[in-house]
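The lines below spell out each chain.
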Amino acid sequence: MSFRLKTILGVACIEAVLLAILIFSSLDYLRRSNTEELSKRAHTTARLFATTTKNAVLASDLAALESAVQEVLTNPGVEYARVLGRREIVLAEGGRPELLRRESRADGEDDGVFDVAEEIEVAGHSYGRVEVGLASGALRQVLDAARRQAALIAAIEMGLVALFSFALGSYLTRGLAHLRRASGYIAAGELGFQVDVRGSDELAQTAQAFNDMSRRLAEAAERRARAETEVANYRDNLEQLVARRTAELTVANDDLRRANRELADAHSQLLESERMAAIGQLAAGVAHEINNPVGFVTANLGSVDGYLRKLLDLAAACEKHGMALPPAERRQMDGLRVAADLEFLKTDAFALVEESKSGLARVKKIVQDLSDFASLGAPEWQMADLRRGLESTLNLVHGRLANIDLVRAYGDLPDVECLPSEINQVFMNLLLNAVEAVGNRGTVAVATGTGGDGVWVEVRDSGCGIPAEHLNRVFDPFFTTKPVGQGTGLGLSLSYGIVQRHHGRIHVASAPGEGTTFRVWLPLRQPRQATTA
C-alpha cells in the first residue's frame, strides 16, 4: 500500500468518524426537540379540550360535547378527538374513523399520530377523560429532510477530504521520491549529491538534513582517502617498527618472567619459613607435653619391676621348698610372704598398669592432635569438623595456656568443605597471637556459630588491643608490632590468604586496652572451580 493511499485512507477514516458523530448528534437533537414541541402542543390541546368539556360532561350535554369535538378537529394537525365518561362510555367523538377504531393508542407508537389523554376531574374525582391525536407525519418529514441534507453534506465533505488527502499525499510522496532517488545516487557512490529544498516545512527540513548528511559523507570519504594515503606512506616502515618493538617487548617479557619467578621463589621461601617456624613451635609443644606422661610412665614401670622381683623371689622360694618344709622353714617362708605384702603388690601393680595406660593414651592423643593439625598426606578439599580441628589446635598449644583462662562457647556447626591443615594453621596463628597479647594472665575466648550460608569461628582476647592506625595494616605481609627478632609479620598475612582462598572473610575489631577479636567466616561449600584448581 502506497504512502499516498495510506494518507487518503487515514484522513478519510478520521473525517468519517467525526462526521458520523456530528450528524447523529444533530439528528438526535432535532428529533428530540421536535418531539418535545409536539408533546407540549398535544398536552396543551388535551388540557384545553378537557376544560371546555367539563361542564358538558357533568350535565351530560351530548350536543355541547359534539360541538366541542368538532371545534377541536378544526385545529391544524388534529386527527381525531373523543370524550369518554365513566365506565369508558363514549359521549362524543370525531375525526378519522380508522384511528377511532384502534384498540391501542399508546404514545410513542410509530403510526403517524401522537396520542394524548387528559382526565376530567372535579374536586379530585374523575368524571371521564378526553383523547386527542395529533399528526406526527410532519415531524417525520422534517427528520427525513434533515437526514438527506446531512448525507449530502457528508458526501461533499468526504469528497473534499479525499481531494485534500490526495493532494497532501502527492506532495509528500513527491518529496520522498526525490529523497529515494538521491539515496540511490549516494548508494551508487556519488557522495555529496544534493536535493532541491523548497519551503520550510518538515519535509524541507528532512531534505536539508539529507543534504547535510550527504555533505558529511563526502567529507568523511575525503578524509578516509587522505588517511589511506598516509597509511600507505607508513606501510613501508611498518615491518621495521614492529620488529624493533617486538624485540623490546620480548626483552621486557623476559625480565618480567624472571622477576615473577624470583617473586614466586621468595614467596615460597617465606611460606616455607613460616610453616617451618610453626612446625618448630608445634615440636616444642609436643616435646613438652610428651615429657610429662613419659616421665611418670617410666617411674611406674620401675616400681612394677621391683614388685615383680619380690613376687618372683617369693614364687621361687615356694617352688623350691613347697609345703613339705619343716615348721621352721615354713615360718621363714611365711615371713617372706609378710615382708613382700603380696596382697598390696597385686592391688598396686594393677593400679600402676592402669595409670601407665592412661599416660600412654595421653601420648597417643597428643600425637593424634598433631596429625589432625598437620593433616598428613597430600592436601585435598574435604568435609571437615571445624570444632575438632579447633580442639586439636588448642591441645597442641595447651602448654602456652597454663596461666590463661580459656573460655569455650561452641555452637552447633555443620561440616565445612575446606583444606583442614590450612584452616588449622589459621586457628594456630590466631590463638598464638591471642596468647601473646594477654601475656602471663588474661582471658582467651573461642566461639563458633553459623551465619548466612556459612559458619564463623571467633578468637577474642583481653589483651592490650591494637591502635586504630594499625588496624588497616595487620594483614599486610611483614607488618608486626612485636619487637625486632620476635615476629616475622607473616602469620596474619598467611591466614588472610588462606581464608581468601576458601572464599571466606576475616575481620578484626580492636581498641587499645579493650582486647582484640578476630572472626573468620567460611562458606559451607566451595565453588567447583576452586576445588578443582
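Residues numbered from 1 in each chain as written. Predicted model: local features only at pLDDT ≥ 70, side-chain atom pairs only at ≥ 80, totals over all residues. Heavy atoms only, no water.

Within the protein, the secondary structure is distributed over 12 helices and 11 strands. Per-residue burial over the protein gives 33% buried out of 533 residues. When contacts within the protein are restricted to residue pairs at least 6 apart in sequence, those whose partners lie at least 24 apart make up 66%. Of the roughly 33100 Å² of accessible surface on the protein, a fraction of 57% belongs to carbon and sulfur atoms. (Helix = DSSP H or I, 4+ residues; strand = E, 2+ residues; numbered from the N terminus. Buried < 20%, exposed > 50% of the residue type's maximum accessible area, 1.4 Å probe, protein only. Contact = heavy atoms within 4.5 Å. Areas by Shrake-Rupley, 256 points an atom, 1.4 Å probe, with all protein chains shown as cover.)

Scanning the model with the defined rule gives 0 aromatic pairs in all. Sitting above the plane of the W521 ring, R505 keeps its charged end 4.2 Å from the centroid. Directly above the ring of W456 sits R519, whose terminal nitrogen or CZ lies 3.8 Å from the centroid. (Phe/Tyr/Trp six-rings, centres within 6.5 Å; stacked < 30°, edge-to-face > 60°. Lys NZ or Arg CZ within 6 Å of the ring centre and 35° of its normal.)

We note that A123 has phi near 55°; this positive angle belongs to a residue other than glycine. Relative to the helices and strands, A123 is located in the loop between β3 (113-122) and β4 (125-135). By relative accessible area, which is 75% here, A123 ends up exposed. Phi at H503 takes a positive value of approximately 60°, unusual for a residue other than glycine. Within the secondary structure, H503 sits in the loop between α11 (491-501) and β10 (505-510).

This part takes up the pattern of salt bridges. The full count for this structure, using the stated rule, is 15 salt bridges. The residue R96 makes a salt bridge to E79 at a minimum N-O spacing of 3.0 Å. Placement of R96 in the loop between β2 (90-95) and α3 (97-100) and of E79 in strand β1 (residues 78-84) is noted, with a sequence separation of 17 residues between them. E79 gets classed as buried once you look at its relative accessible area, which sits at 18%. Among the salt bridges present, the one from R257 reaches D254, with a minimum N-O distance of 2.3 Å. Separated by 3 residues within a single helix, R257 and D254 lie in helix α5 (residues 202-321), roughly one turn from each other. Overall, R257 belongs to the partly exposed group, its relative accessible area being 44%. (Salt bridge = Lys/Arg side-chain N within 4 Å of Asp/Glu carboxyl O.)

Pairing analysis gives 5 bridges linking β1 to β2, with the strands arranged antiparallel. Residue R82 lies in a different strand from β2, and its bridge partner there is E93. Here β1 hands over to β2 after 5 residues, with R87 in that stretch at a positive phi of 60°. (Pairing = 2+ DSSP bridges.)

Moving on to the sheet that holds strand β8 (residues 442-451). What the 5 strands build is an open sheet, ordered β6-β8-β9-β11-β10; its pairing is mixed. Each edge of the open sheet is held by one strand with a lone partner, namely β6 (404-409) and β10. On average, each strand axis in the sheet is inclined to that of its neighbour by 15°, with strand direction left out of account. Both β8 and strand β9 (residues 454-461) contribute to a ladder of 8 bridges, which runs antiparallel. Bridge pairing in β9 places A445 opposite R460. Running over the sheet, helix α9 (residues 420-438) touches β6, β8, β9 and β11 (516-523) and is turned about 20° from β9. (Axes fitted to C-alpha atoms, helices over the stretch in contact; angles between N-to-C directions.)

Before going further, it helps to spend a moment on the side chain of T448. For T448, the position within the fold is in strand β8. Relative accessible area serves as the criterion here: at 5%, T448 is assigned to the buried category. At 2.9 Å, the side chain of T448 forms a polar contact with the backbone nitrogen of G411. Setting aside its immediate chain neighbours within four residues, T448 contacts R387, L390, A409, Y410, G411, L413, W456 and V457. (Polar contact = N/O pair within 3.5 Å; in protein donor to acceptor, adjacent residues only side chain to side chain.)

Bringing the sheet that holds β1 into the picture now. The strand order β2-β1-β4-β3 describes an open sheet built from 4 strands, whose pairing is antiparallel. For this open sheet the edge positions go to β2 and β3, each flanked by a neighbour on one side alone. Shown here is a sheet whose adjacent strand axes are inclined to one another by a mean of 10°, direction ignored. Its contacts with the sheet place helix α2 (residues 62-73) against β1 and β2, and it is angled at close to 25° to β2.

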